Amino acid sequence: MRQQIANLKSKAAKLKQLGETAAARKALADAAALQKRLDACLKADENQSKPFPR
């Protein structure tokens, strides 16, 4: 997932250089969405309680 985020960010940078600002914004938005999902997964793993708390 981190690799996908990095790929989208580099794609956005290339598109911005080519003048495709709308496509670059979309790629950055997709990267931000993936980052948000990754952060949520990591947070869930960190805050996971024991299987059977008492």
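Residues numbered from 1 in each chain as written. Predicted model: local features only at pLDDT ≥ 70, side-chain atom pairs only at ≥ 80, totals over all residues. Heavy atoms only, no water.

Time to look at the overall build of the protein. The helix and strand inventory of the protein stands at 2 helices and 0 strands. Expressed as a percentage of the 54 residues in the protein, the buried residues total 17%. A total accessible area of about 4,800 Å² is found for the protein, and carbon and sulfur atoms account for 55% of it. (Helix = DSSP H or I, 4+ residues; strand = E, 2+ residues; numbered from the N terminus. Buried < 20%, exposed > 50% of the residue type's maximum accessible area, 1.4 Å probe, protein only. Areas by Shrake-Rupley, 256 points an atom, 1.4 Å probe, with all protein chains shown as cover.)

Listed in full, the 5 residues of the largest apolar core are Ile5, Leu8, Ala31, Leu34 and Leu38. Secondary structure elements with two or more residues in this core: α1 (2-17) and α2 (21-46). Top element by residues in this core is α2. It accounts for 3 residues. Aside from chain neighbours lying at most four places away, what touches Leu38 is Met1, Arg2 and Ile5. (Core = buried A, V, L, I, M, F, W, Y, C linked by side-chain atoms within 4.5 Å. Contact = heavy atoms within 4.5 Å.)

Here we take up α2. For α2, with 26 residues, the first-to-last C-alpha span of 37 Å sits near the 38 Å given by 1.5 Å per residue. Where α2 is concerned, the buried positions are Ala24, Ala27, Ala31, Leu34 and Leu38. Tucked into the core, α2 has its buried residues touching α1. (Expected span 1.5 Å × (residues − 1).)

As a further point, take the pattern of salt bridges. The final tally for this structure, using the stated rule, is 1 salt bridge. With its nearest N and O atoms 3.2 Å apart, the salt bridge here joins Lys26 to Asp30. Of this pair, Lys26 and Asp30 both sit in helix α2, separated by 4 residues, roughly a single helical turn. (Salt bridge = Lys/Arg side-chain N within 4 Å of Asp/Glu carboxyl O.)

Given 3.6 residues to a turn, an α-helix orients residues that are three or four positions apart in the same direction. Its 16 residues give α1 an end-to-end C-alpha distance of 23 Å, which sits within 8% of 22 Å, the value for a rise of 1.5 Å per residue. Inspection of α1 places Ile5, Leu8, Ala12 and Leu15 among the buried residues, and these make up the whole buried set. One side of α1 holds all its buried residues, which, seen down the axis, span an arc of 90 degrees. Of the exposed residues in α1, those oriented more than 90 degrees away from the buried face are Arg2, Gln3, Lys14 and Gln17. Close packing links the buried residues of α1 with α2. (Arc of directions from axis to C-beta.)

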